[in-house]
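Results of the structural survey
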Amino acid sequence: MALLNLKVNSTWQELHSAEGTPALDVIRGELALTSTKEGCREGDCGACAVLVGEHVGNSVRYRAVPSCLLPVGALRGKHLLTLEGLVEETEDGLTPVMRAFLDENASQCGFCTPGFIIALTSWLAESQVPDLAGALRAIDGNLCRCTGYGAIRRAAAKLVARFKDLPLEPTARLKALVEAQVLPPSVLKFLAESIGQESAPRRQNSETISLLGDDVTPQTVVGGGTDYYVRNPESEEGFSPLLTQILPELRQIRYVDDRGDGWLEIGAAVTVRDFFASPGVRREVPGIERFETMFASTLIRNLATIGGNIVNASPVADITSMLLALGAQLVIVPEKEAENDSAARRLCPLEQFFLGYKTLDLAPGEILKAIRIPALDDPSSRRFSFEKASKRKNLDIAAVNTAISFHIEGGRCKGVRVSLGGVAPIPLLSTEAMRVLEGAFCDVLDRRELAELARKAALAAASSVSPISDVRGSAEYRRRATHQLILAHFVRLFEESGIAEELFP
Ligand SMILES: Cc1cc2nc3c(=O)[nH]c(=O)nc-3n(C[C@H](O)[C@H](O)[C@H](O)COP(=O)(O)OP(=O)(O)OC[C@H]3O[C@@H](n4cnc5c(N)ncnc54)[C@H](O)[C@@H]3O)c2cc1C
Ligand code: FES
Ligand code: FES
């Protein structure tokens, strides 16, 4: 078995563990770094969070991820920071984030505390002006069973006050954080080591793969692992999947031209976090960033990929629902050609990819390489909305979700697409609602007419579905939720018309 090279806190190390082993097991086992805790092992509690640094642009970027769902092979060539590494070379054995927790009594049994420290350290390392809302968002995937969140909130507020003037330029920010002992000196050493390197590590077994014949057993593919490891918590010995995260070709977002049509192509291994942060995605889908926090938690968004969301084939996958409404196409290639840009590929409209419950138009040995959304001549004319009915605001899977996309031309809705999730074994388009809306007048000055149009579309969508009852909701609940969520799209998209008062007097 080839060795896995990564920087662990201040030291480069070669690990013997198989690439597909959950990083948490390696961190607590082979590396004996036990500050990282095992709680739920399902991405729900944040106790296992670690910081992962990697070369991005001309700097390095650190992000907190749940190590229970992270394949250790994805750390090849990267910098893994645990609490043991954060305190290296601090004056009193505490970083300012830890000190804030101590001062505000934000820890009792302490089991959750390492995860909170890592998540807040990651938030400080990001190039944004620190504010309390951002700090609380950073810990939306961390649970504490005994302290109560008031004290943790006070600790976060203290950090906001102390660090509000951090530089925004990534390298200057890292330097300032090392100076303040929030991050250890190993961060600057990793930065120096990364400069000038083609940072992205190649997959370990690419050579072997390209020599394989057609009759070879395809490898298991793992993206972020946030679905895979929940379903397979104990990996087999020697488990070495194809890790899409370490293929740079699958992490790009770029415009492409294909037979005269323009597309924004999003690599399948782009994380949910990077998807919402992408200037290209924000340009093509104005306002899409408003829906980011409806997906899981910051920790999960930092790890989960767009491709994994689609191939997992959950009928209520949120990104899939958005992409269906955006008219996405999939770029599918043979697994062994994943890194070859000129390889033969086939294109599949997203709505044709789902053949039945968890059955996909994806042959053994094929991999999803990228997802394309059609680039509009004038993307600013696009109206887009996403809605989701779930019991909790964070960390919850939808009972029903839906997205809508269209643009207005001459006062009429054009290019309308409405997706529905949770109402059938597969995510689908509501052709009935689309038929009602396509070409319809949508006069923002006439809220009555608009409300009438919204009601017709909602009725068409709800009456055409036959959902089943399960733990997340009865069939009747799902039908009603579909109706109400379609109305909610209109309230969001035509807020200025006063349509809310018309629909919900
Ligand atoms: C706590 C928690 C909260 C969650 N909340 C949400 C939520 O709010 N909304 C939501 O939609 N989902 C949610 N999820 C589910 C999950 O995070 C998403 O579906 C995510 O996008 C999966 O991406 P991944 O890269 O982690 O997938 P993985 O687990 O890596 O892969 C999922 C499946 O896709 C296959 N696969 C992955 N990439 C490719 C590829 N490029 N080509 C071929 N096959 C591939 C894998 O073999 C696997 O079968 C949540 C999960 C957890 C643990
Ligand atoms: S152990 Fe709970 S998120 Fe990993
Ligand atoms: S301090 Fe005990 S779980 Fe948070």
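In case you missed it, the structure is sitting above this.
My aim in this report is to walk through the structure given alongside it, one point at a time. (Residues numbered from 1 in each chain as written. Chains lettered and ligands numbered in written order. Predicted model: local features only at pLDDT ≥ 70, side-chain atom pairs only at ≥ 80, totals over all residues. Heavy atoms only, no water.)

Ligand 1 sits among 34 residues. The nearest are Val221, Gly224, Thr226, Tyr228 and Thr305. Here Tyr228 contributes a backbone N or O atom positioned 2.6 Å from an oxygen atom of ligand 1. One nitrogen or oxygen atom from the side chain of Asn309 is found 3.1 Å from an oxygen atom belonging to ligand 1. A breakdown of the residues in the shell around ligand 1 according to their chemical character gives 17 nonpolar, ten polar and seven charged. There are two domains that each give the shell around ligand 1 at least three residues, and those are domain 1 (1-245) and domain 2 (247-503). (Near = heavy atom within 4 Å. Polar contact = N/O pair within 3.5 Å; in protein donor to acceptor, adjacent residues only side chain to side chain. Nonpolar A, V, L, I, M, F, W, Y, C, P; charged D, E, K, R; others polar. Domains from an automatic or database assignment.)

By definition, the strands of a sheet pair up through backbone hydrogen bonds, in either a parallel or an antiparallel sense. Pairing in this open sheet of four strands is antiparallel, and the strands run β15-β16-β17-β18 from one edge to the other. The open sheet terminates on both sides in strands that have one partner only, identified here as β15 (382-389) and β18 (428-429). With respect to the sheet, helix α19 (residues 475-493) is in contact with β15, β16 (400-409) and β17 (412-421), its orientation differing from that of β15 by roughly 145 degrees. (Pairing = 2+ DSSP bridges. Helix = DSSP H or I, 4+ residues; strand = E, 2+ residues; numbered from the N terminus. Contact = heavy atoms within 4.5 Å. Axes fitted to C-alpha atoms, helices over the stretch in contact; angles between N-to-C directions.)

As a further point, take helix α3 (residues 96-103). Among the residues of α3, Pro96, Val97, Met98, Ala100 and Phe101 are the ones counted as buried. On its buried face, α3 is in contact with α2 (83-86), α4 (113-125) and α6 (149-163). Asn105, located one to two residues past α3, shows a positive phi value of around 50 degrees. (Buried < 20%, exposed > 50% of the residue type's maximum accessible area, 1.4 Å probe, protein only.)

Let's shift gears to helix α8 (residues 186-194). Where α8 is concerned, the buried positions are Ser186, Val187, Phe190, Leu191 and Ser194. Each buried residue of α8 lies within a common arc of 145 degrees when the element is viewed along its axis, so the set occupies one face. Packed against the buried residues of α8 are β1 (4-8), β2 (11-15), β3 (49-56), β4 (59-66), β5 (79-81) and α7 (170-179). (Arc of directions from axis to C-beta.)

What follows is about the packing of aromatic side chains. For the coordinates displayed, the defined rule picks out ten aromatic pairs. Between Phe101 and Phe116, the ring centres sit 6.2 Å apart and the planes meet at 45 degrees, which makes this aromatic pair tilted. Pair noted here: Phe101 is in helix α3 and Phe116 is in helix α4, with a separation of 15 residues, a long-range link. Like Phe101, the residue Phe116 is buried in the burial classification. Judged by centre distance (6.3 Å) and plane angle (20 degrees), the ring pair of Phe406 and Phe494 falls under stacked. Here the residue Phe406 occupies a position in strand β16, and Phe494 occupies one in the loop between α19 and α20 (499-503), the gap between them amounting to 88 residues. The same class applies to Phe406 and to Phe494, which are both buried. Joined through ring pairs, the aromatic side chains of Tyr228, Tyr229 and Phe239 make up one cluster. The lysine or arginine in question, Arg412, covers the ring of Phe441, its NZ or CZ lying 4.0 Å from the ring centre. (Phe/Tyr/Trp six-rings, centres within 6.5 Å; stacked < 30°, edge-to-face > 60°. Lys NZ or Arg CZ within 6 Å of the ring centre and 35° of its normal.)

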